[in-house]
Amino acid sequence: MQYVFLMFMVLFFSAARADEQPLLFGMSTALSGPADELGIGMRDGVMTAFDRSNRSGGIQGRPLKLKVLDDAYEPRQTSHNVQALASDPELLAIVGNVGTPTAIAALPIIREQKILFYSPFTGAGLLRRTPPERYVINYRASYAEETAEMVNALVSIGGLRPQQIAFFTQRDGYGDAGFYGGIKALRQHGLKNELEVQHVRYERNTLAVENALADLLYADELPRAIIIVGAYAPAAKFIRLARESGVDALMLNVSFVGSQALANALDSTAGNILVTQVVPHPGSKKLPVVNEYLTDLALYDAKLRPSFVSLEGYLAGRMLTHGLARLEVAPDRENMIDALESLGRFKLGLGYELQLNPEKHQASHRIWPTRLSGLGVVPFEWSDIGLLLEKDESLHD
Amino acid sequence: MTEGYSRRQLTLLLWALVLLGLMTSGAIATYVGWSLAELSDENASSQSLQQRMSLDIEHLRRLTIESHALTMELLLAGDLSNPATENTPLLELKTAVSSAGQYSPLINALSGRVVAITDIWERTQQWYLRYTPVAIDIRQEYSVGNVRKVLQRLQASLDSLEGRHNLYIAQLMRRWKAADGDVFITLAQQVREEETKLWPRALQAAKTEATELTRLIERLSIQKNLSDLADIKNNLLKPSIDRLSRQLAVLNSHLPVTAQSRALEISPVVAALFGTEYRPDPVHQTIVVGNSGLFPQQRTYLELEQVRQKLLREAEQQEADNHLVLQSMTLLATTQLTSGRQETEQRLAQALLRMALSVGALAVLFLFLGIFISRHIRSQFSQLAELQRENELILNSAGEGVIGLTAAGNMRFINPSASTMLGIAVDSMIGQPLHRIWKTEVDGSVEADPVIAFGARVIDKHSRLLRADGRSFAVEYSSMPMIRKGVQEGAVITFRDISESEQVKASLQESEQKFRDLSEKSLVGVYIIQNGLFTYVNPHFSEIFGYSRDEIELHLGPQDLSHPDDFKLVARNIEKRISGVTDSIDYSIRGIRKDGSEINIELLGSSTQYGGEAAIIGTLVDVTDRTKAEAKVQHQAYHDPLTGLPNRLLCNDRLEHALNNAQRLNLQLAVLFLDLDRFKHVNDSLGHSVGDALLVSIAGRLNNTIRQADTVARQGGDEFIVILEAIGDSSVASAIAKKIQDAFAQPIILSGHELYVTASIGISLYPEDGTSADTLIKNADAAMYQAKHKGRSTFAFYTSDLTLTSTEWLDLESALRRALVRDEMYLEYQPQIDLNSGKLVGVEALLRWRHPERGLISPIKFIPLAEETGLILEIGDWVLDQACLQISCWQQQGYHSPLVAVNLSSIQVFRGDIVASVEQALVRHSIDPGYLELEITENCIMENTEKSSQVLQALRDRGISLAIDDFGTGYSSLAYLKQLPINKLKIDQSFIADIPHDLSDEAIAKAIIMLGQLLNLEIIAEGVETVEQQQFVHKNGCNLAQGFLFSRPVAPEVIATMLSAQSDAEPQGSLGS
């Protein structure tokens, strides 16, 4: 636990008027540990969006301020942090939490304290109830939607049988979220017995993936595609070991893995690793909001590189300021939720409509597949998935 | 009368004044007496109350302290040592407070305290009832013991299973060690088989997992923090149970039947842990837990612990509050005793002050009443005077003459208008009898008017009055007797001069005469209709219809002279004008003359008054001759003069009409577009007159072939259109097309020539292929071209993919011309990779066109069009310019720009000045030519070897890199290749696609690579999609590749992210090896 240290950041923006009381938001995220790249990206993205708002005078003349605490992706630390943040009555919402196990730990406190849990970097089903919980509002698509899209592409376009798909997941609520979504889609494609689909796991915040791989190797038939619901470091190790063991299955990762981090961790074996994203490629300059993101990011801190993660943080931040701008009275914990719910169908400049209302607390449902190639993270089309599976097909002919 | 009323009112007011004075002084006296008595009473009772209160307060304090002590005892009953569950002090406290109802100022605070004390006591009691069983369970470890027990049972079963398996293996091993020969080998195989079975591995995993679960359960049972329970449940327990149950399921399905044991089940563990209501919730990726079992028990326990803490805090707080309230009550009791007397004195002084104020107020009231009365009197008088002035003003300003009479018939007043009209001064007439001035003239003789007998009322009577100077004037007058209470008090006569309106009537008659004179001599028919009959017609009108005027006027109506079919229109128009919808309407109809012949007439009618009644007046012209002339012209305009068939205009018209019909009645129709094959030869070889004659006889054959209701039209030249209406389905259209072609089978003999004619027919159908006439004709035309392609003398139905190849070709061309201006084109870039280093070294620029309506249009479609129309020159220059701009962009962003390859069309090479275009683009963006590569297809070079080698040499001289695209698809000779100044060969993707399945493709690819090496050229493989393909080309010496394996074509910003990632990863090892 020595890496869990408390980081306290209070950031003021000089452009906004100093005499106005700032609007305070809190964030408990991973600034250290195996998911630090994600936590830092989320923080930078949200701050970039806040910076944009503050440069034009903030909300009702009040600047936006973010108080960031580190939880190192450990649920017990998250519950401490969220308790501490929520007990400040001035703090309006908890923004941009990273991870599912951490969200699971935060949720009871959120319900008890009646404070908004806004756009966490997770696609867990626990945060997406129907009808939705008042105090949880998501920006991004769910893991179930991500894995369902993978399964649909693999089965409908790639022509795989459900039994040819395996799951490698983190052993906690995050892994469960991805696995259940994938299994549900597989059932729709005719899977009857869940045990026919291999499901192997590893422990959170460890690199102990060998047992999981061994389980796969023991099976009678090797999978043709493996859906990975994990963090980038264990995922990278798993992929490397699998390739060494002669497993040439297509590896599909959900967005949480952090595609750039995964690409950096793998030094070769490009060509058959996919990562689904819940935001567009940060190079899609044709989308107005991505263009604004690139400009704002450079203005906020010229040293920062664009990334999928910070773009997600940025979009969440933009959606928040978009909602807050609707308020004519001073924002508080309750009317802020009403304001976001009143957005209805709206556009952020992504080329499609987002939607928030009292019955819908998840704004976006889009998935963008990408592929890791020697050139980094490149856009991908599901219609091409056959090319990645083609070689194996011929072996079975 | 008003004076009397006013006096009475005034008296009343004065009496009110006196009464008010008396009443007020009485009230003041009563009030003072009452308040003094009240004050002394209150003083006495409050003093006794204060004394009793201080005694009561002590009693209350004791009760609250005792009640609090009981609450605390219950809350702190950690050892469950049967604390008291009755709170008698609280009951006493309640009675004491409810009987203390008279302490009005403090009762609220006090009863508030009692409610709070009761509330916390009751909550503590409820808490205690819930807490006891849970706490006992936790302390005695019932639930956790239960989980441990079932888990141990499971572990024991697993252990025994493992033991049996180990024993079996050991036995096998032993026999194996002792055996030899075939038995040795069989046993060895058996051992190996046993070792690789799946279930022993699942058994191991299940054992590990059961141990892990045991650890988690111990952790749960000592958990002190409620907020960590969600983490333990969803992140730790759930995955562990999932895995254990999965392993057990694997075990149960793989175990030999004999080894199966009923103990290998997860459900008892889950039930002991989460209760029997346990079930997984896959949608929200969590589990639903019940009320019994270890987990709910632990959760309830922790929740209740939290409630205990909260209650303790509250109880402490309350005790402090109670103390505060009681303290302030004591303080209040003592201070009130001393302050009681002072207060009474103060109140007395206040009462006196209030009285003085009331007296003052009364004096003011009197003063106001006095002022009010005097004002009232003054206003009464001024109102009276005002009324009189107004009356006079009304009379004097009236335009009519007014004379008022007394009962005796004398004049009471005369207004100025009357005196002016009669020419008499007012003053001299007042009091005189009326007949002195009222003299009417009847037929020149003057007589006194009967109006003098003013008992009767006279209204609007006309007469002539004599003025004082002897002149007379026309007058209209009324007389109104004034009757009051049944007695006549006089009369009022009003009158006005009406000489002017008499003149208007005379001029009206004059204009009527003028109208008659004019219309009698008019050359157009003029008529007036009233009540459906002509009441007036002029001579020309009767001439047009061949009747005499007397026969028409008052005998005939519009229905007798209109054509029966047109009369509805006439009647409708008449209706419209009468109801005032339209002012005048101009329209033409057919009329019927007396002799029964039809004529065309044009008429314009409008509504008017005639003889005081509503009428229609109109004019009418005979246009019969003109109409006939027009019809002739129209026929010429709508028919082809050569064949007499409907021409293009009429054809469109008929088709529109037919479409309307089809739409209304939900019918299908077909349009046949017919074009004669090789008609031009006839014209060229036999002359135009024969050609014309041929067209005429073909028109005849066509007309004979089709049905009566269908239309044949000549579209121009040798093109005809046939419209088939109301067809059941498309087979009718094809049957008729067939019939037409059969009809042409017989030769046509003209000027001794035997001519065989064939036709190609295209068919489009409504509504499938279009709903407008234009679209249907256009699509039939497109289908006709298709038929011609298939071989002449055939017919073809329209299909939508014909669209681009023929009809929309023109649209596409004009869209293409606008595409650059409208910014619809853009470039994407596909990376080219150095296979040795794995780095991006070049990109190929690819042109994209996004049409605003049609979306992305494939280059395969629009590039040939651009080449055909020459637009490729302009587009090609733009592409070069964009590519150079992009290079400079990347450089400005701090990247090392890759080599950018741009494709050239053969048109650019042979027709344009490509060298100048390239130079301009390079200079404009200050680009080093080394960054630019131009790709030319092999076929382009072979088109004109001489010219192309010149152009290539010129480009090479300027330092631009050159590549041959699609290499291997043309017929280049080695000798020729050697002479070309090129740097690079691109292996066409068709040779790469089938590697490693097609051996001949492999051989070609290998040969191209060898050829390149021989000529010292760089080689790049296009369309590399798989790792095998990459490995194959690399192994055979090709170091560059491009294709989907690396990246599809992407936006320049994505290339920038790749360049950026590349510069980040600079120090790291290579990718490709």
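For the structure itself, look to the data block above.
Residues numbered from 1 in each chain as written. Chains lettered and ligands numbered in written order. Predicted model: local features only at pLDDT ≥ 70, side-chain atom pairs only at ≥ 80, totals over all residues. Heavy atoms only, no water.

**Student:** Go over the interface of chain A and chain B, please, and point to the residues and values.
**Tutor:** Each partner contributes residues to the interface: chain A has 55 residues there, and chain B has 47 residues. Together chain A and chain B conceal approximately 4500 Å² of surface at their shared face, both sides included; 53% is due to carbon and sulfur atoms. Looking only at chain A, the three residues that lose the most surface to chain B are Arg171, Tyr180 and Leu375 of chain A, adding up to 17% of its buried area. Linking chain A with chain B are five salt bridges. In this structure, the salt-bridge partner of aspartate 215 of chain A is arginine 201 of chain B, at a minimum N-O distance of 2.8 Å. The interface formed by chain A and chain B contains 15 residue pairs in polar contact (both at pLDDT 80 or more). Secondary-structure elements contributing two or more residues to the side of chain A that touches chain B are α2 (75-86), α3 (100-113), α5 (173-188), β8 (199-202), α6 (210-218), β14 (368-373), β15 (376-379) and α12 (385-396) of chain A. Residues of the side of chain A that touches chain B, tallied by class, amount to 22 nonpolar, 14 polar and 19 charged. (Contact = heavy atoms within 4.5 Å. Buried area = accessible area lost by both parts, 1.4 Å probe. Salt bridge = Lys/Arg side-chain N within 4 Å of Asp/Glu carboxyl O. Polar contact = N/O pair within 3.5 Å; in protein donor to acceptor, adjacent residues only side chain to side chain. Helix = DSSP H or I, 4+ residues; strand = E, 2+ residues; numbered from the N terminus. Nonpolar A, V, L, I, M, F, W, Y, C, P; charged D, E, K, R; others polar.)

**Student:** Hey, could you go over the pattern of salt bridges for me, with residue numbers and the actual values?
**Tutor:** Throughout the structure, instances matching the rule amount to 57 salt bridges over all chains. The closest approach of N and O atoms between arginine 148 of chain B and glutamate 141 of chain B, which form a salt bridge, is 3.2 Å. Judged by its relative accessible area of 24%, arginine 148 of chain B is partly exposed. Residue lysine 197 of chain B pairs with glutamate 194 of chain B through a salt bridge whose shortest N-O separation is 2.7 Å. For glutamate 194 of chain B, a relative accessible area of 8% translates into the label buried. Where salt bridges share partners, they join Asp51, Arg52, Arg55, Glu292, Asp296 and Arg318 of chain A into one cluster. (Buried < 20%, exposed > 50% of the residue type's maximum accessible area, 1.4 Å probe, protein only.)

**Student:** I'd like a description of the sheet that holds strand β10 (residues 525-530) of chain B, backed by residues and values.
**Tutor:** Residues and elements named next belong to chain B. Read from one edge to the other, the open sheet built from five strands follows the order β11-β10-β14-β13-β12, with strand pairing classed as antiparallel. Because the sheet does not close on itself, it has two edges, and the strands there are β11 (533-537) and β12 (584-592). This sheet shows a mean twist of 35° between the axes of neighbouring strands, independent of strand direction. Note that strand β13 (residues 598-610) and strand β14 (residues 613-622) share 10 bridges and pair antiparallel. (Pairing = 2+ DSSP bridges. Axes fitted to C-alpha atoms, helices over the stretch in contact; angles between N-to-C directions.)

Function cannot be read off these values alone, since they describe shape.
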